[in-house]
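If you want the building blocks of each chain, they are given just below.
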Amino acid sequence: MRCLDGKEVSSVIRRQIKEQVQKLDHPPGLGVILVGEDPASQVYVRNKFKACKAVGMKSIEIKLPATICPDDLKAAMTDMNENPDVTAYLVQLPLPRGKGFETQQVMSWIAPYKDADGLTVESLGHLFAGVPKVIPCTPHGVMKILEHYKIPVEGRRAVVIGRSQIVGYPMAHLLTDANATVTICHSRTQNLYSHTREADIVVVAAGQPQFLGKDAFKKGAVVVDVGIHRMDNGQLCGDVDVEDLKGHIEALTPVPGGVGPMTITMLLQNTLKLAQGRG
Ligand code: GUN
């Protein structure tokens, strides 16, 4: 089973980003708003800032307590929208539950020309209208992994498990654009395996730890695992059972070190693009 190493692909692309950053008059700045103290989100944000520093970008953080109201968040976002040091920014998701935050409404407060994640209605509209500007980072990163490892996509059957705005829908769109025949499966799909077993490429963004084994895939499939979960023993795992897949599928993205680093890399790329006025 081949390892589709996201760290390797990231290091190639981050080197190119660093070179482009050095050509700019001012270093681009990536802003992050973190609401609450979710430990996983804190780790992701730390990794994003480390990655910024490594390519010569500045980072600007606003931390807010989970107890704030939507209006306070909106005020912090206005600061980001107006701060000239902030080239682009994101609001780390998920937002605290039960506090009145509507993710799509919060996204609408991001100035589209500062949309680092590519998740505003404007960015998604451009993507789905066939004139992409900034592209959502995780699905874009998956496409870059497939490209780097020369996994053929055109004419092949792809299944995307999950229909989130952040991964599933844009993923299906990008694969379709690359001329795959795409099926989206989700929590209400009947007989999931009848779809996944037909697929040459399966992108799993189901959010359930180790829930797919070899029975789910045809022999020789390429599997991209978007999931990341912490197990009771402290180790990280994805949505697939890696041990079970060995000797059955052709290639797999590891967790950690697969899609995760690519999400951050594409975030840097979006920020660079917006700094260059290409967004
Ligand atoms: N939480 C997990 N992944 C992401 C991401 O790509 N963007 C944002 N804003 N939040 C996330």
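Along each chain, residues carry numbers from 1 onward, in the same order as the chain's sequence is written. Thresholds applied to this predicted model are a pLDDT of at least 70 for local features of residues and 80 or more for the giving and counting of side-chain atom pairs; totals over whole chains, interfaces and linings are not thresholded and use all residues. With hydrogens and water stripped out, all remaining heavy atoms of the structure feed into the side-chain values.

Participant: I would appreciate a short explanation of the overall build of the protein in the present structure.
Facilitator: Numbered from the N terminus, helices here are DSSP runs of H or I no shorter than four residues, and strands are runs of E no shorter than two. A count of helices and strands for the protein gives 10 helices and 11 strands. Considering only C-alpha atoms, the protein reaches an extent of 50 × 45 × 40 Å along its principal axes. When the 279 residues of the protein are sorted by exposure, 48% land in the buried category. By definition in these notes, contact holds between two residues if any of their heavy atoms fall within 4.5 Å. Long-range pairs, those at least 24 residues apart, make up 70% of the contacts in the protein with a sequence separation of at least 6. By the counting scheme adopted, Arg and Lys are positive, Glu and Asp are negative, and His together with the chain ends is not counted. In plain terms, the charge of a residue is placed at NZ if it is Lys, CZ if Arg, CG if Asp and CD if Glu. Across the protein, the centroid of the 31 positively charged side chains sits 4 Å from that of the 29 negatively charged ones. Burial classes: relative accessible area under 20% of the type maximum marks a residue as buried, over 50% as exposed, and values in between as partly exposed (1.4 Å probe, protein chains only).

Participant: Mind showing me how you'd approach the sheet that holds strand S3 (residues 58-64) here?
Facilitator: One key point about sheets: their strands pair by backbone hydrogen bonds, in either a parallel or an antiparallel sense. Ordered by their spatial adjacency, three strands build an open sheet running S3-S2-S4, and the pairing between neighbours is parallel. Each edge of the open sheet is held by one strand with a lone partner, namely S3 and strand S4 (88-91). Adjacent strand axes in the sheet meet at a mean angle of 15° when their direction is disregarded. Paired strands, as defined in this entry, are two strands with at least two bridges between them according to DSSP. Pairing between strand S2 (residues 29-35) and S4: four bridges, direction parallel. Counted as the bridge partner of Val 32 is Leu 90 from S4. Working convention: axes come from line fits to C-alpha atoms, limited for helices to the stretch in contact. Angles between N-to-C directions cover 0 to 180 degrees.

Participant: Would you mind going over the pattern of salt bridges with me for this structure?
Facilitator: Oppositely charged side chains are able to pair whenever their charged atoms sit close together. Salt bridge criterion: a side-chain nitrogen from Lys or Arg within 4 Å of a carboxyl oxygen from Asp or Glu. On inspection of all chains with the given rule, the structure shows seven salt bridges. For Asp 200, the salt bridge identified is with Lys 218, shortest N-O distance 2.7 Å. Note that Asp 200 is positioned in the loop between helix H8 (192-196) and strand S7 (201-204) and Lys 218 in the loop between S7 and strand S8 (222-225), a separation of 18 residues in sequence. Here Asp 200 falls in the buried class, since its relative accessible area comes to 14%. In this structure, Glu 243 and Lys 246 form a salt bridge, with 2.9 Å as the shortest nitrogen-oxygen distance. By relative accessible area, Lys 246 is classed as partly exposed at 46%.

Participant: Would you explain the sheet that holds strand S6 (residues 181-185) in this entry?
Facilitator: What the six strands build is an open sheet, ordered S1-S11-S8-S7-S5-S6; its pairing is parallel. Each end of this open sheet is capped by a strand with a single partner; those strands are strand S1 (2-3) and S6. Taken together, the two bridges between S8 and strand S11 (residues 251-252) define a ladder with parallel strand orientation. Paired with Val 222 across the two strands is Ala 251, which belongs to S11.

Participant: Would you mind going over the nonpolar core with me for this structure?
Facilitator: Across soluble globular proteins, nonpolar side chains have a tendency to be buried as a group. Residues belong to a common nonpolar core when they are buried Ala, Val, Leu, Ile, Met, Phe, Trp, Tyr or Cys residues joined through side-chain atoms within 4.5 Å. With 50 residues, the main nonpolar core has Ile 17, Met 57, Leu 146, Leu 175 and Val 203 as its most contacted residues. Among the elements that line this core, the one with the most residues is helix H10 (residues 259-275), at eight residues. Setting aside chain neighbours within four positions, we find Leu 175 in contact with Met 143, Leu 146, Val 153, Ala 158, Val 160, Ala 180, Val 182 and Val 203. Counting 19 residues, the second-largest nonpolar core is a separate cluster that includes Leu 73, Met 80, Tyr 89 and Val 91.

Participant: It is not clear to me how the side chain of Lys 48 should be interpreted in this structure. Could you clarify?
Facilitator: On the secondary structure map, Lys 48 appears in helix H2 (residues 39-54). Asp 117 provides the closest opposite charge to the buried, unpaired Lys 48, separated from it by 5.5 Å. Of the polar contacts made by the side chain of Lys 48, one reaches the side chain of Gln 92; its length is 2.7 Å. If we skip the residues at most four places from it in the chain, Lys 48 touches Leu 90, Gln 92, Ile 264 and Leu 267. Distance and chemistry together define a polar contact, namely a pair of N or O atoms within 3.5 Å, with one atom able to donate a hydrogen and the other to accept it when in protein, and with adjacent residues in sequence counting only for side-chain atoms on both sides.

Participant: It is not clear to me how helix H3 (residues 70-82) should be interpreted in this structure. Could you clarify?
Facilitator: A helix is expected to reach a length of 1.5 Å times the quantity of its residues less one. Taking 1.5 Å per residue as the helical rise, H3 with its 13 residues ought to reach 18 Å, and the 18 Å between its terminal C-alpha atoms agrees with that figure. Along H3, the residues that are buried comprise Leu 73, Ala 76, Met 77, Met 80 and Asn 81. The arc that holds the buried residues of H3, viewed along the axis, is 145°, so those residues lie on one side. For H3, exposure combined with an orientation more than 90 degrees from the buried face picks out Asp 71 and Glu 82. It is the directions from the helix axis to the C-beta atoms that the arc portrays.

Participant: Please explain unusual backbone geometry as it appears in this structure.
Facilitator: Peptide bonds are, in most cases, trans, and in most cases residues other than glycine have a negative phi. Pro 94 follows Leu 93 through a cis peptide bond whose omega is 0°. Here the residue pair Val 255 and Pro 256 is connected by a cis peptide bond, since its omega of 0° sits within 30 degrees of zero. If you check the backbone angles, Asn 179 has positive phi at about 75° while not being a glycine. The class of Asn 179 is partly exposed, set by a relative accessible area of 44%. Even without a glycine there, the phi angle at Gln 210 is positive, about 45°.

Participant: Is there a simple way to think about the packing of helix H6 (residues 137-148) against H10 in this case?
Facilitator: Packed helix pairs are specified by the crossing angle of their axes together with the interaxial distance, meaning the distance between the axes. Where H6 contacts H10, the two axes come as close as 8 Å, and the packing angle between them is 110°. Between H6 and H10, the interaxial angle falls into the category roughly perpendicular. Taking contact as the criterion, the partners of Cys 137, Thr 138, His 140, Gly 141, Val 142, Lys 144 and Ile 145 in H6 are, on H10, Val 259, Met 262, Thr 263, Met 266, Leu 267, Gln 269 and Asn 270. Ten residue types, Ala, Val, Leu, Ile, Met, Phe, Trp, Tyr, Cys and Pro, are classed as nonpolar, four, Asp, Glu, Lys and Arg, as charged, and the remainder, Gly among them, as polar. Partitioning the contact of H6 with H10 into residue classes produces seven nonpolar, six polar and one charged. What sets the label is the angle itself: under 35 degrees gives roughly parallel, over 145 gives roughly antiparallel, 65 to 115 gives roughly perpendicular, and the rest give oblique.

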